[in-house]
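Fold and geometry: a report
The primary structure of each chain is shown beneath.
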Amino acid sequence: MAKAQTYYQCENCGRKTPRYMGRCPACGEWNTLKEVIEEPPEPVKKRSGGSSNAGPTLRSTPMRLKDIPAKDDARWVVPVEEFSRVLGGGIVPGSVVLVGGDPGIGKTTLLTQIAAVVAESVGKVLYVSGEESVRQIKMRAERLQINSENLYLVTETNLEAILDHAQTVQPQLMIVDSIQTTYSDDKPSSAGTVSQIRECTARLQIFAKSSGTAVFLVGHVTKEGMIAGPRVLEHIVDTVLYLEGDSFQAYRLLRSVKNRFGATSEVGVFEMRDVGMAEVSNPSEAFLAERLVNAPGSGIVVTMEGTRPLLVEVQALASATAYPNPRRTANGVDSNRLQLVTAVLSRRVGMRLFDQDVFVNVIGGLTIDEPAADLAIAVAIASSVWDRPVPADLAIIGEIGLSGELRAVSQLSARLREASKLGFKRCLIPKTVRRGDPMPEGIKAIPYRRLMDALQFALPREAGAKDGKGQVDTVPDDGGG
Ligand code: TYD
Ligand code: MG
């Protein structure tokens, strides 16, 4: 008779080891290995060759591709546009969506609101909370001014009980808040461990697929990574959304990092108010609202969040250092990217940065992770070092290479259109433009090949000192198509 097997599994990356270690050998996280007790598997029944008499068979049969009905219209459109977009147009029946985020970021608030909206527009919604009592949820709902006929609440952490409730209520959408507090009787370990989380998710996935109920799972995440497992879940569920933002700032970004039914890296923007999450349908405007025009050390970049262009202010401050190694502090941009930009500024532009601390900050709690923001970072730093403001009507787009060259970025026309929409008249861009990226009307693209020349243009010395160097009016090489 087989014995129960014990091993240790990392809550962050899922790596298994036979004995305990303080640090995961795979992902390097500390104290993430947790004991897992695996029950011996049921004896495997031999496949009988001909007769199928062992209960109801769930055999699959291959179908011709052309015979499979395409049912893409089967989505429930949620009339919260910022939310629908992130899901790729609406909720897909029978799908499982993981909504992750730091504790306190607003997952419960957002999902309570979504639950109410779906209850109004689609049908029954069951909200299962393992963290708050029904009264607490009711108080929150009152604050959010939610009062929907079709919204059912229950406080429950036991998976079997949750599935029973789902049987009774027959909801279109079920929200399980959170997956870390849910446990199944089938596993001996306590709630929140990798094996529980994985088991519960897998069972909920089966439930969703067989009943057509869409299931949203809430998963808590820490700054460093995941508390107990959402990472291990990412491949089980259909869609993974992350709610992020600074808890000191009001903006919250809902980002899709995986989506079997739509594009990834779509982003929805919300603002946390005292009556819940409000949609921000024109985020560029919101992000630029507090901008000081004509202050040195600031540049406006057009970054792409999925298919959506966003205008964001990048600020930089250079100040004399008190340390032998000057600091490079990045907030909202990758610190390696900042190192690269400062190195190129020192070596290729000859800027004196070795005795300067450099701080870079992205406004609005946003994180930019694409290199197209390089040029804006460089311009903001130069603007601070030289103490000259960037013209108020100038937006900045471009990646910087190690030779100090400006490199092409993707989706240039969409970025320029957004800048134009918000009243920018000119935009610094790399001279090489991807083919098939037409220049929109209403905004003048100013192409440069070298960082040095772009800086001269954006931050000219006193008028008349130096002129006519950068070929300002030339049309990009291959952008004509
Ligand atoms: P919550 O949704 O409970 O976060 P999570 O489920 O991700 O842990 O949000 C908690 C925070 O949101 C809390 O600090 C209070 C704040 N909040 C508002 O600012 N406005 C509101 O309308 C609500 C309900 C909460
Ligand atoms: Mg919560």
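Remember, it's a predicted structure, so these values are computed and weren't measured experimentally.

**A short note on the packing of helix α9 (residues 374-386) against helix α11 (residues 451-458)**
- The N-to-C vectors of α9 and α11 enclose an angle of 55°; their axes lie 10 Å apart at closest approach. The pairing of α9 with α11 is recorded here as oblique in orientation. Pair α9 / α11 crosses with right-handed handedness. Mapping the contact onto sequence places Leu375, Ala378, Val379, Ala382 and Trp386 in α9 and Leu451, Ala454, Leu455 and Ala458 in α11.

**Here's the deal with empty space enclosed by the protein**
- What the rule picks out here adds up to two cavities of 30 Å³ or more.
- The computed volume of the largest cavity comes to approximately 50 Å³.
- Residues of the lining of the largest cavity, tallied by class, amount to five nonpolar, three polar and one charged.
- The calculated volume of the second largest cavity comes to roughly 40 Å³.
- As for the second largest cavity, its lining consists of Arg75, Leu87, Gly90, Ile91, Val92, Ser95, Val97, Phe216, Thr239, Asn259 and Phe261.
- For the lining of the second largest cavity, the class distribution of residues is six nonpolar, four polar and one charged.

**Description of the pattern of salt bridges**
- Summed over the entire model, instances satisfying the criterion amount to 23 salt bridges.
- Arg255 is paired through a salt bridge with Glu244; the nearest N and O atoms lie 2.9 Å apart. Here Arg255, found in strand β10 (residues 251-259), pairs with Glu244, found in strand β9 (residues 239-244); they are eleven residues apart in sequence, far enough to count as distant.
- Taking relative accessible area as the criterion, Arg255 reaches 11% and is therefore assigned buried.
- We classify Glu244 as partly exposed; its relative accessible area is 26%.
- The partner of Glu399 in a salt bridge is Arg337, and the shortest N-O contact between them spans 3.8 Å. Note that Glu399 is positioned in strand β18 (residues 399-400) and Arg337 in helix α8 (residues 335-348), a separation of 62 residues in sequence.
- We classify Arg337 as partly exposed; its relative accessible area is 22%.

**Some details on the nonpolar core**
- In this structure, Leu345, Val360, Val379, Ile381, Leu428 and Leu451 are the most contacted members of the largest nonpolar core, which totals 47 residues.
- Considering every element that reaches this core, the biggest residue donor is α9, with eight residues.
- Split by domain, the residues of this core number at least three in each of domain 2 (76-281) and domain 3 (286-458).
- Here Val360 is in contact with Val314, Gln315, Ala316, Thr329, Ala330, Asn331, Val333, Leu338, Ile377 and Ile381, once residues within four sequence places are set aside.
- With 33 residues, the next largest nonpolar core counts Leu110, Val125, Phe216 and Leu254 among its residues.

**Details of the site of ligand 1**
- In the neighbourhood of ligand 1, 16 residues make up the surrounding shell, with Gly104, Thr108, Thr109, Arg273 and Gly276 lying closest.
- In this structure, Arg140 approaches ligand 1 through a side-chain N or O atom, which is 3.2 Å from an oxygen atom.
- Notes on ligand 1: free accessible area 560 Å², of which the protein chains cover 74%.
- For the shell around ligand 1, the elements supplying multiple residues, two or more each, are α2 (107-121), α3 (134-143) and β11 (267-273).
- It is α2 that contributes the most residues to the shell around ligand 1, three residues altogether.
- Partitioned by chemical class, the residues of the shell around ligand 1 number five nonpolar, five polar and six charged.

**Some remarks on helix α4 (residues 159-169)**
- Looking only at α4, the buried set comprises Leu159, Glu160, Ala161, Ile162, Leu163, Ala166 and Val169.
- Contacts made by the buried residues of α4 are with β5 (125-129), β6 (151-155), β7 (173-177) and α5 (194-211).
- Capping the start of α4, Asn158 holds a side-chain oxygen 3.1 Å from the backbone nitrogen of Glu160, two or three residues further along.
- Of the residues one or two after α4, Gln170 is the one with positive phi, at around 55°.

Procedures and definitions
Residues numbered from 1 in each chain as written. Chains lettered and ligands numbered in written order. Predicted model: local features only at pLDDT ≥ 70, side-chain atom pairs only at ≥ 80, totals over all residues. Heavy atoms only, no water. Axes fitted to C-alpha atoms, helices over the stretch in contact; angles between N-to-C directions. Helix = DSSP H or I, 4+ residues; strand = E, 2+ residues; numbered from the N terminus. Parallel < 35°, antiparallel > 145°, perpendicular 65-115°, else oblique. Left-handed = near helix turned anticlockwise from the far one by under 90°. Contact = heavy atoms within 4.5 Å. 1 Å grid on protein atoms, 1.4 Å probe; cavity = no way out; pocket = protein on both sides within 12 Å on 5 of 7 lines; lining within 4 Å. Points joined across faces, edges and corners; volume = space filled by probe spheres on them. Nonpolar A, V, L, I, M, F, W, Y, C, P; charged D, E, K, R; others polar. Salt bridge = Lys/Arg side-chain N within 4 Å of Asp/Glu carboxyl O. Buried < 20%, exposed > 50% of the residue type's maximum accessible area, 1.4 Å probe, protein only. Core = buried A, V, L, I, M, F, W, Y, C linked by side-chain atoms within 4.5 Å. Domains from an automatic or database assignment. Near = heavy atom within 4 Å. Polar contact = N/O pair within 3.5 Å; in protein donor to acceptor, adjacent residues only side chain to side chain. Areas by Shrake-Rupley, 256 points an atom, 1.4 Å probe, with all protein chains shown as cover.

So far we have only geometry, and geometry alone does not tell us how the molecule works.
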